[in-house]
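Per-entry structural report
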Amino acid sequence: MSEYFERFGTLVGNFIDRNPSAARVTLTAVAASALTASTILGYQAIKRQSKARDLKNDLLTINLPQTKLNAFGIVDNGSETNFHIHDQSLIDEQLARNIAFLGHDKVKELQRAHIVIVGAGSVGSWAALMLLRSGIQHMRIIDPNPITLGSLSHHAVAESADVGVAKALVLKKHFKNIAPFARLDCRVERLTKENMYILLAGNPAYVVDTLDRVEDKVELIKYCHEKGIKVISAMSAGGKADPTRIAILDISDTMEDPMSRAVRRRLRQLGVDRGVPVVFSTEKPLHITGDKEKIEHFPDFPTRVLPSLGTITSQYGMAIATYIILRLSDFSAYEDPSPRLRDGVYSRMLRDLETRESVRFNNKSCPLSVQDVGYIFEEMWQGKSVLSGPQDRVALVRWDTSKPLGYLNTVCMNKNEARDHEALPLGVDLLEEYGKDVVEFVNKRIEQERRFQALFNAQQ
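Cut-offs applied
Residues numbered from 1 in each chain as written. Predicted model: local features only at pLDDT ≥ 70, side-chain atom pairs only at ≥ 80, totals over all residues. Heavy atoms only, no water. Core = buried A, V, L, I, M, F, W, Y, C linked by side-chain atoms within 4.5 Å. Buried < 20%, exposed > 50% of the residue type's maximum accessible area, 1.4 Å probe, protein only. Helix = DSSP H or I, 4+ residues; strand = E, 2+ residues; numbered from the N terminus. Contact = heavy atoms within 4.5 Å. Pairing = 2+ DSSP bridges. Axes fitted to C-alpha atoms, helices over the stretch in contact; angles between N-to-C directions. Expected span 1.5 Å × (residues − 1).

Attention now moves to the nonpolar core. With 52 residues, the main nonpolar core has Ile115, Leu131, Met139, Phe175, Ile320 and Ile324 as its most contacted residues. In terms of residue count, the dominant contributor to this core is helix H12 (residues 310-328) (10 residues). Excluding its chain neighbours within four sequence positions, the residues that come into contact with Ile115 are Leu131, Ile136, His138, Met139, Arg140, Ala205, Tyr206, Val208, Ile324 and Leu328. Listed in part, the 29 residues of the second largest apolar core include Cys366, Leu405, Cys412 and Ala418.

Put into structure tokens, the structure is as follows:
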């Protein structure tokens, strides 16, 4: 190697001796190039240092919270920032699939919508999560309760580290990592009649009801109905296991679900008999085979509520989110569930009842309205004859002819049965006429309605 360098040096020396002018020009050019490069690099280094110094000085004047980084230099999940400036192109990229499905303008409408979610548990958390991922940027989430160990199996985002933290705040923490551009108003308080006007303020496009108690659901739906606020309500998923039976229908069409029936009956008393979409399951609640004594050992388990599967409650929440997204975007392939309009049937039944009362009892004033007829027919007797069950041609008739017509003395029969019943002598012994089973069935149903009426009146 040393011999190579010696030879190279000899050749260079001989070239300079033979061509002194060319050598000087070459060396001058090399030196000038080196000087120019050095000057440019030096200037760029000084400029970078100046920018870095200015940026540090600017950051010192801004009141920002400290942001923790993990070992990979990524923002720690436990830290929060107040950055609200986001590149719209990146937001559009995040929502690209929804934009392709619904259209850019429709997704923009979703981003402007304000949604209120009441309840951030097994249903509400999933509804909120999918609304957020679908482009909803303004949500108010209301829930007074904390995450428990038992709720980890059903909650959309909660982790073991979140146990003891309010559900609403847990959603806020995790949602900031999914869509930091979203505006989240999380309230750790219970919705009541006294604070509804505050917590439901802001002209929301929809209110999502995922409350557990029937009384709370009725109050919320009643308030929304009176204020003209759109609301969608989740019924109970307890004891349900078949995902293919989940449906969204108007409250007036939910005949199979026990909670829907309880909510529907109370709403009818308040004059709300339709116009409320609900997500529910047509499946009958399954027999729960779990160890009831073991379940009751856990203090936070609501034994009054049937146990539910997290896989089913999550689908309730996602069904709600889908419904809202399609309604707000006016998706052409989706038809809103419309109530079955039975007003004509109820009016006919009322006219027939008034005619019979006038002919048989000379009663010129019927105490029942069309809404009353609908309630008695649908809620008390489920549209079935007390004598023969389901029928095509049904009528309402006074049960005990020795008592006046009213809620607690009107039954459903088919037309032939009603005609024969009216032909019975006044004050006839119904037990002798119809037998023990029929009379006990009617009396039991009337007593249930009497207790319900007492409970309803006590709450007013």
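Here we come to the sheet that holds strand E2 (residues 138-142). Sheet architecture is open: seven strands sit in the order E3-E2-E1-E4-E5-E7-E6, paired in mixed fashion. The open sheet is flanked by strand E3 (183-187) and strand E6 (246-250), the only strands paired with a single partner. On average, each strand axis in the sheet is tilted by 15 degrees relative to the strand beside it, whichever way the strands run. Here helix H7 (residues 167-178) sits on the sheet in contact with E2 and E3, set at roughly 160 degrees to E3.

Here helix H10 (residues 258-269) spans 17 Å end to end across 12 residues, near enough to the 16 Å set by a 1.5 Å rise per residue. Those residues of H10 lying buried are Met259, Ser260, Val263, Arg264, Arg265, Arg266, Leu267 and Arg268.

Summarising the element assignment, Ala241 is placed in the loop between strand E5 (231-234) and E6. A relative accessible area of 36% means that Ala241 is categorised as partly exposed. It is 8.6 Å that separates the C-alpha atoms of Ala241 and Thr311, two residues lying 70 residues apart in sequence.

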